[in-house]
Amino acid sequence: PVLSLALELKRAGVRFSISGEEIIAHTPEFDAPVENYDELFILTEIIARGVYSLVSGSKDAVVLDAGMNVGFAGLHFAAQSWVRVVWSYEPVKETYARAMENLARNPSLAAKIKPHNYGLSDKTGEIDLSFCPQWKGAAGLLGMSPEFRRHHSVNPDDVRMISVKVRSSADVVREFRAAYPRAALIVKVDTEGAEYDIVGQLEREELLRDVDVFLIEWHQRGPQELQRMLTQAGFFLLSFKHSTTGMIYACRDARTRWSACL
């Protein structure tokens, strides 16, 4: 599997080099070390498979990156000429520290990224997450599914519960909108189960209309709840299912938001 992912990335223009004990991936957009299979897979999704490859005619878009992980998605968004700024959120200290190292390797892109060492939820406070250092991208409320554990031979002893800080998604969106009131707002959510709480609170607070595009990876509970909230708020959706996870791409006509704000 590692070789097939590496070949897929190579076909997408990624070059690999070795520096000391690190394997560095040089993508067309940024450079970053790849520590394990999890990071290689995330890089493949973003660079080779284009899960966040938006094309925009806007010259003034901003991105809220919920689920920063090790920073690959934030760097990808920052590399787009039409993105003004990226606000990224990662609650796990160990993962956040690795993201900061990746941002430091790419200073011109990092200048567009505002990182935060807390996550988003439907409240402000602390929550408990399931965390495995070898699978940082799977840290979340729901934990690793039995299917995931079996497929990747995850040892129960490698998984621990940790407490992390979170902030209200509604408060964060209000802050973002106050800072960039007229920019197109793209919200990317990959939060291993917290996506239902995040979008749910934005619906209750009537803030979905402040978002122009959602890019959401859902986990285990299925897409139906998210699809209902987004379609009722006037979004058009593309929804894809991959076993116990999937992607929702949601876009609304900008005229809908501006007319609602008048």
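Please refer to the structure placed before this passage.
Everything numeric in this text was worked out from a predicted model, so none of it was measured. (Residues numbered from 1 in each chain as written. Predicted model: local features only at pLDDT ≥ 70, side-chain atom pairs only at ≥ 80, totals over all residues. Heavy atoms only, no water.)

Novice: Tell me about the packing of helix H7 (residues 169–179) against helix H8 (residues 195–204), and name the residues and values.
Specialist: Viewed as axis vectors pointing N to C, H7 and H8 meet at an angle of 65 degrees, and their least axial separation amounts to 8 Å. Residues Ser169, Ala170 and Val173 of H7 lie in contact with H8, whose contacting residues are Ile198, Gln201 and Leu202. In terms of residue class, the contact of H7 with H8 is built from 4 nonpolar, 2 polar and no charged. (Axes fitted to C-alpha atoms, helices over the stretch in contact; angles between N-to-C directions. Helix = DSSP H or I, 4+ residues; strand = E, 2+ residues; numbered from the N terminus. Contact = heavy atoms within 4.5 Å. Nonpolar A, V, L, I, M, F, W, Y, C, P; charged D, E, K, R; others polar.)

Novice: Which residues make up the nonpolar core, and what are the values?
Specialist: Within the largest apolar cluster, 35 residues are counted, with the highest numbers of intra-cluster contacts made by Phe30, Leu43, Ile46, Tyr52 and Phe72. Elements represented by at least two residues in this core include exactly helix H1 (2–11), helix H2 (37–48), strand E4 (61–66), helix H3 (72–78), strand E5 (83–89), helix H4 (93–104), helix H5 (107–110) and strand E11 (213–219). Ranked by size, the runner-up nonpolar core spans 34 residues in total, among them Val62, Leu64, Leu207 and Phe235. (Core = buried A, V, L, I, M, F, W, Y, C linked by side-chain atoms within 4.5 Å. Buried < 20%, exposed > 50% of the residue type's maximum accessible area, 1.4 Å probe, protein only.)

Novice: Hey, could you go over the pattern of salt bridges for me, with residue numbers and the actual values?
Specialist: For the structure on display, the rule yields 12 salt bridges. For glutamate 8, the salt bridge is made with arginine 49, and the minimal N-O distance between the two is 2.8 Å. Here arginine 49 lies in the loop between H2 and E4 and glutamate 8 lies in helix H1, a separation of 41 residues in the sequence. Two residues, glutamate 175 and arginine 167, come together in a salt bridge whose shortest N-O distance is 3.0 Å. Residue glutamate 175 is classed as partly exposed on the basis of its relative accessible area, which comes to 36%. A network of salt bridges, in which partner residues are shared, links Glu35, Glu39 and Arg98. (Salt bridge = Lys/Arg side-chain N within 4 Å of Asp/Glu carboxyl O.)

Novice: Can you break down the sheet that holds strand E8 (residues 125–131) residue by residue, with the values?
Specialist: Strand pairing within a sheet occurs via backbone hydrogen bonds; the two strands may be parallel or antiparallel. Strand order in the open sheet formed by 3 strands is E7-E9-E8, and the pairing between neighbours is mixed. With partners counted over all chains shown, the strands left at the sheet margins are strand E7 (119–121) and E8, one partner each. The mean inter-strand angle of the sheet, taken between neighbouring strand axes irrespective of direction, is 55 degrees. Two elements, E7 and strand E9 (residues 160–168), share 3 bridges in a ladder whose sense is parallel. Following the sheet pairing, glycine 119 is matched in E9 by valine 166. (Pairing = 2+ DSSP bridges.)

Novice: Hey, could you go over the sheet that holds strand E3 (residues 31–33) for me, with residue numbers and the actual values?
Specialist: Taken in spatial order, the 3 strands of this open sheet run E1-E2-E3, and their pairing is antiparallel. The open sheet has two free edges, formed respectively by strand E1 (15–19) and E3, since each of these has just one partner strand. Direction aside, the axes of adjacent strands within the sheet are offset by 25 degrees on average. Direction of pairing for strand E2 (residues 22–26) relative to E3: antiparallel, over a ladder of 3 bridges. Following the sheet pairing, alanine 25 is matched in E3 by alanine 32.

Novice: Kindly report on the environment of leucine 202, identifying the contributing residues and their values.
Specialist: By secondary structure assignment, the location of leucine 202 is in helix H8. Residues leucine 202 and methionine 229, 27 residues apart in the sequence, show an inter-C-alpha distance of 9.6 Å. In this structure leucine 202 touches Ser169, Ala170, Val173, Leu207, Leu208 and Phe214, once residues within four positions along its chain are discounted.

Novice: If you had to explain the packing of H1 against H2 to someone new, which residues and values would you point to?
Specialist: It is the contact of H1 with H2, at a shortest axis distance of 10 Å, that shows an interaxial angle of 30 degrees. With respect to each other, H1 and H2 are oriented roughly parallel. H2 is crossed by H1, and the crossing has left-handed handedness. For the pair formed by H1 and H2, the contact residues are Val2, Leu5, Ala6, Glu8 and Leu9 on the first element and Tyr37, Leu40, Phe41, Leu43, Thr44, Ile47 and Ala48 on the second. Classifying every residue of the contact of H1 with H2 gives 10 nonpolar, 1 polar and 1 charged. (Parallel < 35°, antiparallel > 145°, perpendicular 65-115°, else oblique. Left-handed = near helix turned anticlockwise from the far one by under 90°.)

Novice: Pulling in residues and values, what's your account of H7?
Specialist: Those residues of H7 lying buried are Ser169, Ala170, Val172, Val173, Phe176 and Arg177. Within H7, the buried residues cover an arc of 160 degrees as seen down the axis, which keeps them to one side. For H7, the N-terminal capping position is held by serine 168, with its side-chain oxygen 3.3 Å away from the main-chain nitrogen of alanine 170. (Arc of directions from axis to C-beta. Polar contact = N/O pair within 3.5 Å; in protein donor to acceptor, adjacent residues only side chain to side chain.)

Novice: Hey, could you go over the packing of aromatic side chains for me, with residue numbers and the actual values?
Specialist: Using the criterion set out here, one finds 9 aromatic pairs in the structure. Ring pairs connect the aromatic residues Trp87, Phe176 and Tyr180, which therefore count as one cluster. Over the ring of phenylalanine 235 we find arginine 252; its NZ or CZ atom is 4.8 Å from the centre of that ring. (Phe/Tyr/Trp six-rings, centres within 6.5 Å; stacked < 30°, edge-to-face > 60°. Lys NZ or Arg CZ within 6 Å of the ring centre and 35° of its normal.)

Novice: Outline the side chain of histidine 26, supporting the account with residue identities and numerical values.
Specialist: The residue histidine 26 is located in strand E2 in this model. In this structure histidine 26 comes out as buried when scored by relative accessible area, which is 18%. A polar contact of 2.6 Å, which involves the side chain of histidine 26, links it to the side chain of serine 17. One polar contact links histidine 26 to aspartate 31, side chain to side chain, over a distance of 3.3 Å. Look past the residues within four positions of histidine 26 in its chain and what remains in contact with it is Gly13, Val14, Arg15, Phe16, Ser17 and Asp31.

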